[in-house]
Amino acid sequence: MSAQRNDLLYGVFDGTEHESAARAVSMGVFVGSAAAVAAALVWTMGTVIQTGALGEVAGSAMSWMLACLAGGILQQLWFNYRPASRLSYGRRVAGFGVTYFIALSGCAVLGQWLPADKPGTWVGFSAIYLVILAILTAAFTIAFRKEKAEYQEFLDRFHRRRK
């Protein structure tokens, strides 16, 4: 298998047996979820082909699938993609926040999540998004600071023992 292909499959299908049931189940959930999304996309596109239009149910389903896929893709690009890791955590969060908001807004229009003629609902949508983003950012920042302090403590103990 080529290095490029291995990179694409890293963490998904590494070809080794799972050491725990939890790892096997989590991989099964991932693979099953990916298959469910693929099947739903095929169903949605079939509905569009048969009816010639993106009906309400199909549009809603498509918008939710696209929102979930966009979230996963953008998360990987902003937080697990090597070039993005050169940015500060705050810049990555901001980049993710802005790009995901754009994606969610497009999905909201496609799926008609909010009435187009009521700007107040869009303001509420934006406010809720920003509050959730702020809470998650604060939670991750606190967790990462705690983890960094623990690692620093381990490193300091290691250096003291070596002296």
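Every value quoted in this text rests on a predicted model; they were computed, and no experiment measured them.

Rules of the game
- Residues numbered from 1 in each chain as written.
- Predicted model: local features only at pLDDT ≥ 70, side-chain atom pairs only at ≥ 80, totals over all residues.
- Heavy atoms only, no water.
- Patch = residues over 30% accessible without salt bridge, like charges linked within 9 Å, V, L, I, M, F, W, Y side chains within 5 Å.
- Areas by Shrake-Rupley, 256 points an atom, 1.4 Å probe, with all protein chains shown as cover.
- Salt bridge = Lys/Arg side-chain N within 4 Å of Asp/Glu carboxyl O.
- Helix = DSSP H or I, 4+ residues; strand = E, 2+ residues; numbered from the N terminus.
- Buried < 20%, exposed > 50% of the residue type's maximum accessible area, 1.4 Å probe, protein only.
- Phe/Tyr/Trp six-rings, centres within 6.5 Å; stacked < 30°, edge-to-face > 60°.

Trainee: Just to check I follow, could you spell out a nonpolar patch on the surface for this structure?
Mentor: Taken together, the side chains of Leu54, Leu66, Leu69, Ile73, Leu77, Tyr81 and Leu110 make up a nonpolar region of the molecular surface, amounting to roughly 570 Å² of accessible area. Residue contributions to the nonpolar patch peak at four residues, all from helix α3 (residues 56-79). As for its placement among the helices and strands, Leu77 is situated in helix α3.

Trainee: Whenever I open this one, the pattern of salt bridges confuses me. Can you help?
Mentor: A side chain with one charge can pair with a side chain of the opposite charge if their charged atoms come near. Summed over all chains, the structure comprises one salt bridge. Put simply, Arg157 and Glu153 hold a salt bridge, and the shortest N to O gap is 3.4 Å. Pair noted here: Arg157 and Glu153 are both in helix α5 (residues 119-162), with a separation of four residues, about one helical turn. Classification of Arg157 as partly exposed rests on a relative accessible area of 32%.

Trainee: Honestly, the packing of aromatic side chains in this entry has me stumped. Any pointers?
Mentor: What the rule picks out here adds up to 10 aromatic pairs. A ring pair is formed by Tyr100 and Tyr129, whose centres lie 6.5 Å apart and whose planes are at 55°; its orientation type is tilted. Remark: Tyr129 occurs in helix α5 and Tyr100 occurs in helix α4 (residues 89-110); sequence separation between them is 29 residues. Like Tyr129, Tyr100 is buried. For the ring pair Trp122 and Phe125, a centre distance of 5.9 Å and an interplane angle of 80° mean the geometry is edge-to-face. You can see Trp122 and its partner Phe125 sitting in helix α5, three residues apart, about one turn around the helix. The partly exposed category is assigned to Trp122, whose relative accessible area is 21%. Owing to a relative accessible area of 17%, Phe125 belongs among the buried residues under this scheme.

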